[in-house]
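Given next are the chains, with one letter for each unit.
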Amino acid sequence: MAHQKIQAPKGVSEYFPDRSNLFEHVRDSLIAPAKKSGYQLIELPVFEDTDLFRRGVGESTDVVSKEMYTFEDRGGRSITLRPEGTAGVMRAVIEHGLDRGQLPVKLWYSGQFFRAERPQAGRYRQFYQVGIEAIGLDDPAIDAEVIAIADAGFKSLGLSKYRLEMTSLGDAASRAAHRIELLKFISGLDLDEATAKRAKINPLRLFDDKREEMKSNMAKAPLLMDYLNAESSEHFNKVLGYLDRMNVSYVLNPRMVRGLDYYTGTTFEFVHDLLGAQSGIGGGGRYDGLMQELGGQALSGIGFGLGVDRVLLAAEAEGVINQDAFVSDLFIIPLGEEAKKMALAIAHDLRAQGKVVEIAFGDRGLKGSMKAADKTGATYSIVLGESELNTSTVELKHMKSGKSSSVKIDSLHQHL
Ligand code: HAM
């Protein structure tokens, strides 16, 4: 009797050959600029105490109120699969005292995140982010560097059809001044119960309401950018000035609302033009109260998370990424037992010199092995038979053009 096949859970993103090559390339390219800037790896659990996200990310957010994968573990503790990375990083920094040394603490991470959203193109229930966090100083130059690091990752992939949107949520005093006016404005609106409840926890959320009537309601609402005090404006203007100096272009979007509640001051999003509804390829900002909220000292921080799945879709949509870069340099076809030994030795040496080399296994004969060589897309192939072993010379065949030349086995490396 045939057993029923099991499928992956709904809405997860998976990568397998050949597309996994592209995924790996995108992920590594996005984080490379952070490594060049002195950020160091932090590896954290994918599940945490549920309270971490309730307190860290905020009860008014969709992420916490509707999208968390929360379950009771065998010891009766409430556990949640991480919906984002910043809260976990802060938990670890506090728990392990990483903030007691040199500041800022500069960390990068990469991995799976989980949100029970309605799956669609570019929106998954398990997705991938790379991110960085710089904790401990509120120098506006750090804000600019963090943003430039994200931008450099996108640029290194060849992306150009995206924009950086920027705003400032100001300091606590600016937000308090704005909140009074915003609440006054909102009290004049006729809100349903759920919306009123959200507005009570975080009135800024109403700027994020996608319903047409709410959009027109909020068109005249007071904007936080207009309530920034002198200190907050100065910080933000410095950030913009530094970005100008690095030729990182941006547009201001005073209506931006991030999906997480911890943001303060400089806040930003990268939006791609070719991705339709799920156009956010990355975002981040300052979170100056988060550490204290989680029981740590009152240190500021700033960081970003970039959506690797969406950046891959963006790179494909722009046509700036393809498989050709991920093929082997050489495919070796051994004919017979002696040739097989030689093939293993040659491949071993060439790999030590940095070449990507594959061998035709399984004694499939010349025809079958040639087919295999074609399939891998390798740049060159050689056949090792008795005469090749006797003369220590092979025909190095360039697979695309079909041209070949006689090459001494010892000097293969120079010809690849
Ligand atoms: P976020 O904007 O919620 O920020 O997520 C960052 C990026 O993750 C998004 O721009 C998007 O590309 C990707 N992303 C989010 N949800 C999904 C999904 N369901 N499917 C596919 N991709 C998704 C954060 O998570 C913050 N922790 C970033 C941060 C770090 N802020 C400060 N430090």
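Everything numeric here is computed off the predicted structure, so don't read it as measured data.

**Digging into empty space enclosed by the protein**
All told, the structure shown has 1 cavity of 30 Å³ or more when counted by the stated rule. A volume near 50 Å³ is recorded for the largest cavity.

**Focus: helix α4 (residues 86–95)**
In terms of burial, α4 is a largely internal element, 8 of the 10 residues being buried. Listed in full, the buried residues belonging to α4 are Thr86, Ala87, Gly88, Val89, Met90, Arg91, Ala92 and Val93. Tucked into the core, α4 has its buried residues touching β2 (47–49), α2 (50–57), β5 (105–114), β6 (126–135) and α10 (290–293). Where α4 terminates, the next one or two residues include Gly97, which has phi positive at roughly 65°.

**Quick notes on the pattern of salt bridges**
Within the structure shown, the criterion is met by 23 salt bridges. Each of Glu48, Arg91 and Glu95 takes part in one network of salt bridges that share partners.

**Structural notes on the pairing of strand β14 (residues 380–384)**
For β14, the tally of buried residues reaches 4 of 5 residues, placing the bulk of the element in the interior. One ladder, built from 5 bridges, connects strand β12 (residues 330–334) with β14; its direction is parallel. Counted as the bridge partner of Phe331 is Ser381 from β14. Note: β14 against strand β15 (residues 393–398), 2 bridges, orientation antiparallel.

**Points about the site of the ligand**
The immediate surroundings of the ligand are formed by 28 residues, with Glu84, Glu117, Tyr124, Tyr263 and Gly280 found nearest. Within the contact set of the ligand, a nitrogen atom lies 3.0 Å away from a side-chain nitrogen or oxygen of Thr86. A distance of 2.9 Å separates an oxygen atom of the ligand from a polar side-chain atom of Arg258. Within the complex, 96% of the 660 Å² of free accessible area of the ligand lies under protein. Mapped onto the shell around the ligand, the elements with two or more residues apiece are β6, β10 (280–286) and β11 (301–307).

**Observations concerning unusual backbone geometry**
What is expected of a backbone is that most residues other than glycine have negative phi and most peptide bonds are trans. Between Pro17 and Asp18 the backbone carries a cis peptide bond, its omega angle lying at 5°. Within the secondary structure, Asp18 sits in the segment before α1 (19–36). A cis amide bond links Leu103 with the next residue in sequence, Pro104, at an omega value of 0°. In this fold, Pro104 is placed in the loop between α4 and β5. For Ser392, which is not glycine, the phi torsion reads 55° and is therefore positive. Looking at where Ser392 falls in the secondary structure, it is placed in the loop between α14 (386–391) and β15. For Ser392, a relative accessible area of 35% translates into the label partly exposed.

**A word on the packing of α1 against helix α5 (residues 140–156)**
Remark: α1 packs on α5, axes separated minimally by 8 Å, with the N-to-C direction vectors making an angle of 140°. With respect to their mutual orientation, α1 and α5 come out oblique. Viewed along their axes, α1 and α5 form a crossing whose handedness is right-handed. Residues Ser29, Leu30, Pro33 and Ala34 of α1 form the contact with α5, whose participating residues are Ile149, Ala152, Gly153, Phe154 and Ser156. Each residue belonging to the contact of α1 with α5 can be placed in one class, and the counts come to 6 nonpolar, 3 polar and no charged.

Rules used throughout
Residues numbered from 1 in each chain as written. Predicted model: local features only at pLDDT ≥ 70, side-chain atom pairs only at ≥ 80, totals over all residues. Heavy atoms only, no water. 1 Å grid on protein atoms, 1.4 Å probe; cavity = no way out; pocket = protein on both sides within 12 Å on 5 of 7 lines; lining within 4 Å. Points joined across faces, edges and corners; volume = space filled by probe spheres on them. Buried < 20%, exposed > 50% of the residue type's maximum accessible area, 1.4 Å probe, protein only. Helix = DSSP H or I, 4+ residues; strand = E, 2+ residues; numbered from the N terminus. Contact = heavy atoms within 4.5 Å. Salt bridge = Lys/Arg side-chain N within 4 Å of Asp/Glu carboxyl O. Pairing = 2+ DSSP bridges. Near = heavy atom within 4 Å. Polar contact = N/O pair within 3.5 Å; in protein donor to acceptor, adjacent residues only side chain to side chain. Areas by Shrake-Rupley, 256 points an atom, 1.4 Å probe, with all protein chains shown as cover. Axes fitted to C-alpha atoms, helices over the stretch in contact; angles between N-to-C directions. Parallel < 35°, antiparallel > 145°, perpendicular 65-115°, else oblique. Left-handed = near helix turned anticlockwise from the far one by under 90°. Nonpolar A, V, L, I, M, F, W, Y, C, P; charged D, E, K, R; others polar.

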